[in-house]
Amino acid sequence: MATKLDTLLNEITPARTLDAVQRKVDEAVNSFHVPSGYITNHQRFEETMTRLFVHIESAVLMRPRAVHPAMDGSRCREMLTRAYGSEGMYFATQKALCGHDGGLRSVIRDLASEMVSEYAENTIGARVHAFWNSLTFDEKLAASKEYISKYGHLLPRDVVEDGAARLTVFFPKFLEKHPQLLRQLGRTGR
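Residues numbered from 1 in each chain as written. Predicted model: local features only at pLDDT ≥ 70, side-chain atom pairs only at ≥ 80, totals over all residues. Heavy atoms only, no water.

**Considerations on helix 5 (residues 88-98)**
For step 1, the next point in the chain: Along helix 5, the positions that sit buried rather than exposed are Gly 88, Met 89, Ala 92, Thr 93, Lys 95 and Ala 96. Buried residues in helix 5, looked at end-on, bunch into an arc of 165°, giving them a common side.
For step 2, the next point in the chain: On its buried face, helix 5 sits against helix 3 (42-61), helix 4 (69-84) and helix 6 (103-133).
For step 3, the next point in the chain: Where helix 5 ends, the next residue or the one after it, Gly 99, has phi of about 75°, a positive value. (Buried < 20%, exposed > 50% of the residue type's maximum accessible area, 1.4 Å probe, protein only. Helix = DSSP H or I, 4+ residues; strand = E, 2+ residues; numbered from the N terminus. Arc of directions from axis to C-beta. Contact = heavy atoms within 4.5 Å.)

Listed below in structure tokens is the structure:
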């Protein structure tokens, strides 16, 4: 019989979280149209990236909505800053306008990648915290012990040694990283 932990881990497998979000983002990027020669200055680039941001978000959340230039532009700039650093928007604009390092296509791919990360993390985090908040104190301790017995061999030695106190204390954070752990294991040996 599946335990509550088993049920959660099944809900947050990479196929149901990371891959599902990736598919939606890929579909949105592939359906987004940028007219040839349209992006010729910073303003057009920023407007296009903001529209793309909303297009992707609408696809992931399955709720189409209109673009709010100030709010969505700010959120898009934040994603590009995460992708490229503190001068993210400037760097992305120069990359797209000058065609360096893959140009606009590369910027679109990098924005999409950041959005996949954020939405997958949000999905996983919401499921983990709903699970965690539904447990009693004793169930929380039992769940962390169950996780160690099933997956402890995949974790760094310092995490599981000495009774795995660090894992027990920060167990929800470890659960949030579980899909990435499985993804890395799947890539091992390739």
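From this point, the discussion proceeds with the structure in view.
**What to know about the side chain of Thr 48**
For step 1, the next point in the chain: Within the fold, Thr 48 resides in helix 3.
For step 2, the next point in the chain: Since its relative accessible area comes to 1%, Thr 48 is described here as buried.
For step 3, the next point in the chain: Among the polar contacts made by the side chain of Thr 48, one reaches the main-chain carbonyl oxygen of Arg 44 at a distance of 2.8 Å.
For step 4, the next point in the chain: If near-sequence neighbours (up to four positions away) are discounted, Thr 48 is found in contact with Phe 32, Val 34, Tyr 38 and Ile 39. (Polar contact = N/O pair within 3.5 Å; in protein donor to acceptor, adjacent residues only side chain to side chain.)

**Focus on the packing of aromatic side chains**
For step 1, the next point in the chain: Inspection of every chain in the model, using the stated rule, returns four aromatic pairs.
For step 2, the next point in the chain: Considering the side-chain rings of Tyr 147 and Tyr 151, the 5.0 Å spacing of their centres and the 35° angle between planes classify their relative orientation as tilted. In this pair, Tyr 147 and Tyr 151 both sit in helix 7 (residues 137-151), four residues apart, roughly one turn of the helix. Each member of the pair, Tyr 147 as well as Tyr 151, is classed as buried. (Phe/Tyr/Trp six-rings, centres within 6.5 Å; stacked < 30°, edge-to-face > 60°.)

**Some words on the environment of Gly 88**
For step 1, the next point in the chain: With respect to the helices, strands and loops of the structure, Gly 88 is situated in helix 5.
For step 2, the next point in the chain: Expressed as a C-alpha distance, the spacing of Gly 88 and Phe 32, which sit 56 residues apart in the sequence, is 22 Å.
For step 3, the next point in the chain: For Gly 88, the residues in contact, after removing those within four places along its chain, are Leu 80 and Thr 81.

**Side note on unusual backbone geometry**
For step 1, the next point in the chain: In this structure, Met 62 is a non-glycine residue whose phi angle is positive, near 55°.
For step 2, the next point in the chain: Residue Met 62 is classed as exposed on the basis of its relative accessible area of 61%.

None of this, on its own, says anything about what the molecule does.
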